Structures are given as C-alpha cells and as structure tokens.
Amino acid sequence: MFLDPKLPQKMIEWRHHMHRHPECGFDLPLTADFIAKKLESFGIETVRGIGKTGIVGILRNGTGNHSVGLRADMDALFITEQNRFAYRSAHDGKMHACGHDGHSAMLLGAAAHLAEHRDFNGTVHFIFQPDEEHGQGAQAMIDDGLFDRFSIDEVYGLHNMPGLAEGTFTVRPGSLMASESSFEIRITGVGGHAAMPHKGIDPIVVGSQIILGLQTIVSRNLSAIEESAVVSATEFITNGTVNVIPSEVVIKGDCRCFTEEALTKIRDAMERIVAGTCQAAGAQYGFDFRNTFHPTINSPDQTTKAIAAANAIFGTDNVISDCHPLTISEDFSSMLRVKPGCYGLIGNGTGSAGGCALHNPNYDFNDRVLAHGAQYWVQLVRDILL
Ligand SMILES: [Zn+2]
Ligand SMILES: [Zn+2]
C-alpha cells in the first residue's frame with residue numbers, strides 16, 4: 001500500500017461520520033459542508049453549490065493541461081437502518097444503504113493523498129454529486145456548468161458491489177448498466193352499462209390489446225443478439241365497477257435496456273402501438289415516457305485505463321475486465337453522455353463481511369475497502385496525468 005499509514009483510519013472516521021448523519025436527494029447541507037471543509041483542509045480549491053449541493057475540488061500540479069474528473073455520490077436512502085453499531089444512522093428513516101458514505105470517504109482519501117504528494121502532472125477535479133438515487137444529481141451539476149466552468153477531459157466513477165470479494169474490481173467496455181424508464185398510457189373511451197357495450201368504446205379491451213402489443217417490442221423490434229431489454233406493464237387502473245364499463249384506463253410500467261438506440265426504438269414502438277390501437281378502436285390516448293436513468297456506457301479507451309489502474313492495485317487475477325452487464329441503473333450515466341469515461345465496480349466482500357445487498361436495512365460499506373478505492377483513484381490519476 002502506498003498511502004500514508006494513517007490515511008485508512010482517517011477514511012474510516014470520515015465514513016462513520018457520514019454514515020451517522022445520512023441525508024437524501026439534494027438536501028445534503030451537513031454532508032456537503034463536511035466534504036467541502038475536508039477538501040479545503042487539504043489545501044484544495046473547492047467550489048460549492050454546483051447543482052444545488054454538488055461540490056467540485058480542483059487540484060493542479062505541474063505544467064500538464066490534461067484534466068481528469070473523479071466522481072463520488074453523497075446521498076443516502078429513505079430506509080430505516082436496522083444495524084446496531086455505534087455509528088448507525090442518527091437520522092430517523094434515512095440511511096447510507098448504498099455505500100455512498102464509503103464512496104465519498106474513498107475520494108476524500110485520494111484527494112488527501114494527491115494534495116500532499118502531488119505525484120501527477122495536470123489537473124484533478126474531485127466531483128461530489130447529490131441525488132444519485134433518484135437519477136437527478138449528475139444532470140443538475142451538468143446543467144449548472146460542471147463541464148463548462150471546469151475543463152474536464154474524462155470522467156471516472158466507482159461503486160461498491162456486495163457479493164464481489166474484497167480486493168477485486170470488475171468492469172466492461174460499452175454498456176455496463178441499464179437505463180430505467182417509466183411510462184404511463186391513458187386511454188379514454190366511452191363508458192357505460194356493462195350490458196350494452198356496443199353503445200360505448202371499452203378502454204379495457206383497448207388497453208388489453210395495447211399490453212399484448214407491448215410484448216412485441218422486445219420480441220419483434222430488437223435484435224435477439226445485439227440488444228436486450230425489458231418492457232413490463234405493472235399497473236392497469238380503471239374507473240369502472242362491476243356493472244360499469246369504465247371511461248378511462250391508465251396503464252403504467254417500466255423499461256430497461258442497454259443502449260440509447262434501443263431506448264429510442266422502445267419509446268417509438270410503444271407510441272406507435274398505443275396510437276394505432278386507439279385509432280382502430282376510436283379511443284383517445286395520452287402517452288408519457290420518462291427516462292430516469294440513461295444506460296451507463298463506458299468508453300473503450302477510458303475502460304482500458306481503468307483496467308490498467310485496477311490491475312496495478314488489485315493484480316490481474318482479481319480484475320474482471322469483461323463482466324456481464326447489470327440491470328441496475330446509475331446516474332453517472334448522464335456524465336458519460338457528455339464526456340468519455342469509465343464506471344467500475346469494487347468488491348465490498350462476501351457473506352457477513354460486506355455481502356449484504358445494496359438498499360437493504362442491514363447493509364454497511366466495508367471499511368477495509370476504503371484503502372482499495374483510494375489507491376485505485378490515485379493510481380488512475382498517476383497513470384493518466386503523467
Ligand atoms: Zn443505490
Ligand atoms: Zn449507489
């Protein structure tokens with residue numbers, strides 16, 4: 001390990017402090033202030049309030065004009081913690097159940113090391129973003145000038161992964177994680193007596209045909225080899241009753257896929273099916289398709305750099321460089337749409353030592369992983385900013 005021997009213990013203390021005081025969404029006054037003050041204490045120029053509570057720390061060294069952005073997330077979840085250890089959440093109904101306390105502590109550790117040793121040539125931006133869990137924080141920082149106010153050539157992100165052994169790292173070039181979209185289809189027919197359906201336009205029949213039509217999107221619009229996706233209708237709501245044909249049906253659901261192209265195909269095919277089916281029946285419709293998370297798509301060159309840094313820290317036997325894509329989603333995807341970059345996953349451990357699933361009330365970030373993550377960040381900076 002090349003970190004200062006005292007740094008791992010400091011990172012543990014920082015993480016426990018953030019774990020004890022979880023905050024959610026954009027409402028992160030204590031967490032953001034804690035992180036900004038730490039960056040300032042390392043002598044790092046710190047800009048607050050980007051995308052409401054986001055922070056950027058800027059560290060320059062040497063004459064190099066290349067610049068890298070390292071990103072951590074700061075927000076917790078609306079979960080009541082069931083852990084009983086001393087640093088458990090002191091904020092009722094809020095908990096760091098996704099390890100963003102660990103992500104922030106690891107990036108602070110890397111910042112502390114790089115500010116002291118300055119063994120790189122160029123500029124490092126330490127990006128701490130709010131509201132990852134609802135998929136809004138990255139775009140809020142971008143809209144507030146993250147990539148205009150700061151010259152950032154490439155961006156990197158890191159998430160812990162329970163069930164993956166400590167001291168391991170996994171990544172893949174291209175699509176790593178899925179998009180997440182929701183849809184709402186509102187069908188307006190003509191309701192009436194259940195005994196005389198010919199006098200109305202039954203939106204239940206129209207809606208049923210639409211749901212069956214939605215099943216053809218994946219099976220008949222996407223390549224079985226190149227594109228995987230899920231389209232699920234999850235709610236079917238009517239204003240009818242036992243002897244009344246409703247006048248309105250609302251269908252809601254959820255979609256996941258791995259490329260922007262597939263996302264566009266799904267949205268367009270869905271609207272065609274809704275419009276065509278409603279027109280055939282003489283019903284009216286409303287269609288709303290909301291994309292919460294884009295697919296997380298790693299750039300090939302930056303993934304090669306991430307793998308090289310991970311190999312140096314974890315050893316080639318402990319780095320998986322072509323893992324399967326995951327159906328979970330990640331807000332860092334918004335940054336990857338603007339800048340080349342790479343998102344990697346670091347082992348949080350297995351079994352009782354770090355294996356509890358993310359978003360579980362018994363989850364906790366594995367403190368032994370903090371030094372792994374900080375070293376990965378430092379290695380990546382040294383490799384890129386020569
Ligand atoms: Zn999460
Ligand atoms: Zn997370």
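In short, a report on the structure. (Residues numbered from 1 in each chain as written. Chains lettered and ligands numbered in written order. Predicted model: local features only at pLDDT ≥ 70, side-chain atom pairs only at ≥ 80, totals over all residues. Heavy atoms only, no water.)

Let us look at the sheet that holds strand S10 (residues 229-238). Read from one edge to the other, the open sheet built from four strands follows the order S10-S12-S8-S13, with strand pairing classed as antiparallel. Edge positions in the open sheet fall to S10 and strand S13 (284-293), since each of these has one partner strand only. Looking at each pair of strands side by side, their axes are set apart by 15° on average, direction ignored. Bridging between strand S8 (residues 180-188) and S13 involves nine bridges; their strand directions are antiparallel. (Pairing = 2+ DSSP bridges. Helix = DSSP H or I, 4+ residues; strand = E, 2+ residues; numbered from the N terminus. Axes fitted to C-alpha atoms, helices over the stretch in contact; angles between N-to-C directions.)

This part takes up the coordination of the zinc ion (ligand 2). The protein atoms donating to the zinc ion (ligand 2) are Cys98 (SG), His100 (NE2) and His159 (NE2), with metal-donor distances spanning 2.0 to 2.3 Å. Expressed as a motif, the donor residue spacing for the zinc ion (ligand 2) is C-x1-H-x58-H. Separating the zinc ion (ligand 2) from the zinc ion (ligand 1) is a gap of 3.2 Å, which Cys98 spans by donating to each of them. Of this pair, His100 sits in helix H3 (residues 100-117) while His159 sits in strand S5 (residues 154-162), and the two are 59 residues apart along the sequence. For the pair His100 and His159, a shared accessibility class is recorded, and that class is buried. (Donors = N, O, S within 2.8 Å, 3.2 Å for Na, K, Ca; no water. Buried < 20%, exposed > 50% of the residue type's maximum accessible area, 1.4 Å probe, protein only.)

Another aspect to go through is the pairing of strand S4 (residues 122-129). Of all the eight residues making up S4, eight are buried; the element is thus mostly covered by neighbouring parts of the structure. Here strand S2 (residues 54-61) runs beside S4; their pairing, made up of seven bridges, is antiparallel. When the sheet's bridge partners are listed, Asn61 is paired in S4 with Gly122. Crossover strand S3 (residues 67-73) to S4 through H3 is right-handed. (Right-handed = clockwise from strand over helix to strand, strands pointing away.)

In short, shape yes, function no, at least from these values alone.
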